[in-house]
Amino acid sequence: MKCKVDVKAMNFWVSLAMLMAVFAGCGGGGGGSAAPPQGGSFSLTPEPAVLNSTIPADGVATVGTSVQVVPSGDFTGSVTFTIEGVPDGVTAAFSDPSSTTATSLQLTVDAFAVQCSAILTVTGTSPGVPDATTTVDLTLLTADKLPILATVEEELRQYASQGMTPLEQAQSIAAFMQGRNEYVDAGVDEETLSAWGELQNGRLHVVSTGYFPSKEAPGAPAPLLAGIDSDERSSVLSVSKLPQAVTTLGADRAAAGSGNALPGSSYARLLHSFGTNFEGQDPINDAVGWLKDAGWKIRSGAEGDASLELLKTVKGDGFFYINSHGGQARKSSTNTNFFCVSSSTIQNSALDETYKDDWDNYRIVYYTGKNGETILGGLVDDFETWYGITYAFVEKYMSFSSNSIVWINACHSQGGASSTNAFRFACLQKGAGVYFGWTSTLSSAGAYPAIRYFVDRSLGANKYEPEYPAQRPFPWDLVVPDMTAKGLARGANGEVLVPTPQTPGTPPSLLAPSIRLIEVDEYSYDMKLKGYFGSDQGEVSVGGTPVTVKSWDSEEITCELPKDLSGDVLVKVRGLESNPRPLTQWIVPLSYTWDMTGGFIKWTGTGELRYRLDVSGFREKPGDAPTYLRRGTWPVLEGGITVSVSGNVNPCSITGGTVTLPSLPSDKNPTAFIQAPLIVDANTNTGLLGLAFGANPAPWQLVCPGAPPANLMPSFGKLPLLESYFYQTQEEDAEAEVGPLPAVNVTYGADMALNGGIFTDSTAGTMKVEWKNPTQTSPPRPDDAGI
């Protein structure tokens, strides 16, 4: 039956939208103007394009899809979405009414809806290009539950009212099912707190009695180790109780050079099967916000949906997370176990026929579990039956991008059971770079802090339990040991979070590029970045200006660095942004006077020296204390000092006049120059400024009658540190071996600003060297530039 549509209401909203568009384009009154036309075009693609919803007896049900904007040509505009054909009893809302990439369409179905089918038309408009439309098929079904499933649910409510433990409930319902004619066999799996049954028609039924998804106040994140008493807290923090594979992760990373990877797609999907008003929604809301900030594009499902139709559209996601029930079904006639994860699609007899092929190939099961609701005044847990998915469903419909992270936040989603192995293997075979799961029944105190912490540390978001200074992103094999040390890899029920990589040699993934250190070579105009970047080449910018990449591998990038650039260095791969890494610059005015005794010869000079150096600290692992280096640098090319000489040398004379001495390094191959290396010790906020003149030949000469000309050169020989050594390069393992050179001590402020200073010596003539009011740009930012 076709759905009845409230045409009057629909026309009102369409007319209102048209009027708003007309007024928005008017030039009078408000002084606005129509947007300029643009080239190209766009189309719309819904994922999924088919939606099914059971009409609730009371309250509301939600189902949703993502509408992707697919640009063509040079289209880059923003698209405004409208919808037509929404039936009575259903309201539609777009998460982003206007977007350049995608919007989520959520449909809310209330108890006044009627069973019917409808074709919803979504229209996208953007100034200067033709509109685009797409359709979504919506089917509304009245509750038509298989009678035996309703009977099992009612039996479970009775057990819950008797105060049975979860294991006792599983054992009792298995015995009940065993005695029913609808089942050929039934039993209990004590490890997963599941009862299983095989129906006469061969379909499988699993009943999970463990996890209860409770409601919570919106925006109230669970604190670390919440709800765990002191004895259990000690147990949680005991790494000796964790699997060896978890406790040794990342231990030899630096020595082994195990590499790293970024997911092959920057699309993320976070699904939650219990609905938006349950505790698992807030962690998803947090993670979605952090992922978006780092450049991830979010697919549909983040609004409390994990329907079968939506799961069938999972293709090529770089980060996939589902929060749901997990349990084990069994087909006793073939002695086969199936680990399964619940969807949010409620069982309906009409849908059973729709999914006949999936039933025939054991891709789905009936999954009965606690739905988070209560009855009898809140004293008794309520139950619902959904469709659950098996490894065969993953093999048929789902795929993930290369180096993707797949996190199954469900009870018993990791372990040694053959059924769990099959589900995990299917995910890995369909592209997952690493599979995360839990070894036992989940607790809220384990599951929800864990995903928040993992996403935060893998992104360098610095939003959840932040460190100071802020942290950069890290690969999963370094994040998990940090979680273990903080008790976040183990929950209150003893469940342990265990990652399984696709192969032992699969490089560990992280969710954003990560810059650990910058090294600048002022001789070659090159900049080297060290960190975690993945093997696929992306983009690099300095102070907002793109620079040319010369070479790229997963842990080191070499770029050109024009002499006029400094500021935040950023790496971007498939739209995913790294931590900003400040390349600090100092501009140092330098004045020099050497008045030899009695004004016999007097040298004066002024100039400017410019330096660029990364002086921020860095961590090798999340949670570590930062490391700060003692490093050196040389001035940027084309710095230097202009020197003049005068004196009372009668009857002799001085030739050469005023000469500009460039700083080394220089691209002009000068015959005369000034050396001015700088050392910065970020541990002590101290350093050295080396100063020396050099020439071959000297630009000045003393010419006396009857004698050959004599070379003249100024000197820094009165400086207090005459045998100081400096660094030839900025490499972190470089030795200070350039020298000896005259030098002065320098100091830096709390933000590593170079302090001004003056040196004066009046013995046997007066020498004065002053570096006055140096200026600094792009200092370290411990609050937001993660290290």
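Each remark here, short or long, concerns the structure printed above.
Before going into details, it helps to say that this report is about the structure given with it. (Residues numbered from 1 in each chain as written. Predicted model: local features only at pLDDT ≥ 70, side-chain atom pairs only at ≥ 80, totals over all residues. Heavy atoms only, no water.)

1. Considerations on the overall build of the chain
Looking only at helices and strands, one finds 14 helices and 47 strands in the chain. Considering the chain as a whole, with its 787 residues, one finds that 53% of them fall into the buried category. Long-range pairs, those at least 24 residues apart, make up 68% of the contacts in the chain with a sequence separation of at least 6. Per element, the accessible surface of the chain, about 31100 Å² overall, is 52% carbon and sulfur. (Helix = DSSP H or I, 4+ residues; strand = E, 2+ residues; numbered from the N terminus. Buried < 20%, exposed > 50% of the residue type's maximum accessible area, 1.4 Å probe, protein only. Contact = heavy atoms within 4.5 Å. Areas by Shrake-Rupley, 256 points an atom, 1.4 Å probe, with all protein chains shown as cover.)

2. Concerning the packing of aromatic side chains
Taken as a whole and assessed by the stated rule, the structure comprises 22 aromatic pairs. Ring plane angle 85° and centroid distance 6.0 Å describe the contact between Phe436 and Trp476, whose orientation is recorded as edge-to-face. Residue Phe436 is located in strand S21 (residues 432–438), and its partner Trp476 is located in helix H14 (residues 476–485); the two are separated by 40 residues in the primary sequence. With relative accessibility at 5%, the residue Trp476 sits in the buried group. Between Tyr592 and Phe693, the aromatic rings sit 5.4 Å apart at their centres with planes inclined by 70°, giving edge-to-face as the arrangement. Linking Tyr592 in strand S31 (residues 581–595) with Phe693 in strand S40 (residues 692–695), this pair joins segments that are 101 residues apart in sequence. Here the aromatic residues Tyr321, Trp407, Phe436, Phe454 and Trp476 are joined through ring pairs into a cluster of three or more. Positioned above the aromatic ring of Tyr267, the side-chain terminus of Arg299 is 3.9 Å from the ring centre. (Phe/Tyr/Trp six-rings, centres within 6.5 Å; stacked < 30°, edge-to-face > 60°. Lys NZ or Arg CZ within 6 Å of the ring centre and 35° of its normal.)

3. Some remarks on the sheet that holds strand S28 (residues 556–560)
As summarised here, the arrangement of the four strands in space is S23-S24-S28-S27, forming an open sheet in which the pairing is antiparallel. The strands lining the two open edges of the sheet, one partner per strand, are strand S23 (514–521) and strand S27 (549–553). Across the sheet, the mean angle separating the axes of adjacent strands is 15° when strand polarity is ignored. Pairing of S23 with strand S24 (residues 526–532) involves seven bridges; the strand directions are antiparallel. Bridging from a neighbouring strand, Ile518 pairs with Leu529 of S24. (Pairing = 2+ DSSP bridges. Axes fitted to C-alpha atoms, helices over the stretch in contact; angles between N-to-C directions.)

4. What to know about the nonpolar core
A general feature of soluble globular proteins is that nonpolar side chains tend to end up buried together. With 62 residues, the main nonpolar core has Phe319 and Val540 as its most contacted residues. With eight residues, the top contributor of residues to this core is helix H13 (residues 444–459). Contact partners of Phe319, with chain neighbours within four places excluded, come to Tyr267, Ala268, Arg269, Leu270, Leu291, Trp296, Ile405, Ile451, Phe454, Val455 and Leu511. In this structure, Ile148, Leu311, Tyr366 and Ala426 belong to the second largest nonpolar core, which totals 47 residues. (Core = buried A, V, L, I, M, F, W, Y, C linked by side-chain atoms within 4.5 Å.)

5. With respect to the sheet that holds strand S38 (residues 678–681)
Taking strand neighbours across the sheet as the criterion, the five strands line up as S33-S38-S39-S44-S43 in an open arrangement whose pairing is antiparallel. Where the open sheet ends on each side, the last strands, each with one partner, are strand S33 (630–633) and strand S43 (721–727). Put simply, the sheet's adjacent strands are angled 40° from each other on average, direction ignored. In terms of strand pairing, S38 meets strand S39 (residues 686–690) through four bridges, oriented antiparallel. Looking across to S39, one finds that Leu678 is bridged to Leu689.

6. Side note on the side chain of Gln414
In this fold, Gln414 is placed in the loop between strand S20 (400–409) and helix H12 (418–429). Of the polar contacts made by the side chain of Gln414, one reaches the backbone oxygen of Val498; its length is 2.9 Å. Side chain to side chain, Gln414 and Thr500 meet in a polar contact 3.0 Å long. (Polar contact = N/O pair within 3.5 Å; in protein donor to acceptor, adjacent residues only side chain to side chain.)

7. Some points on the pattern of salt bridges
Across all of its chains, the model carries 32 salt bridges by this definition. Residue Asp317 pairs with Arg269 through a salt bridge whose shortest N-O separation is 2.8 Å. With Asp317 in strand S15 (residues 317–323) and Arg269 in strand S13 (residues 267–272), this pair connects stretches of sequence that are 48 residues apart. You can call Arg269 buried: its relative accessible area is 0%. What emerges from the salt-bridge pattern is a single network uniting Lys145, Glu153, Glu154, Arg157 and Glu384. (Salt bridge = Lys/Arg side-chain N within 4 Å of Asp/Glu carboxyl O.)

8. A look at the packing of helix H2 (residues 147–161) against helix H3 (residues 166–178)
Where H2 contacts H3, the two axes come as close as 10 Å, and the packing angle between them is 140°. The way H2 lies across H3 gives a crossing that is right-handed. Every residue of H3 that contacts H2 at Thr151, Val152, Glu155, Leu156, Tyr159 and Ala160 is listed here: Gln169, Ser172, Ile173, Phe176 and Met177. Considered class by class, the residues forming the contact of H2 with H3 number seven nonpolar, three polar and one charged. (Left-handed = near helix turned anticlockwise from the far one by under 90°. Nonpolar A, V, L, I, M, F, W, Y, C, P; charged D, E, K, R; others polar.)

Nothing here speaks to function; it is all geometry.
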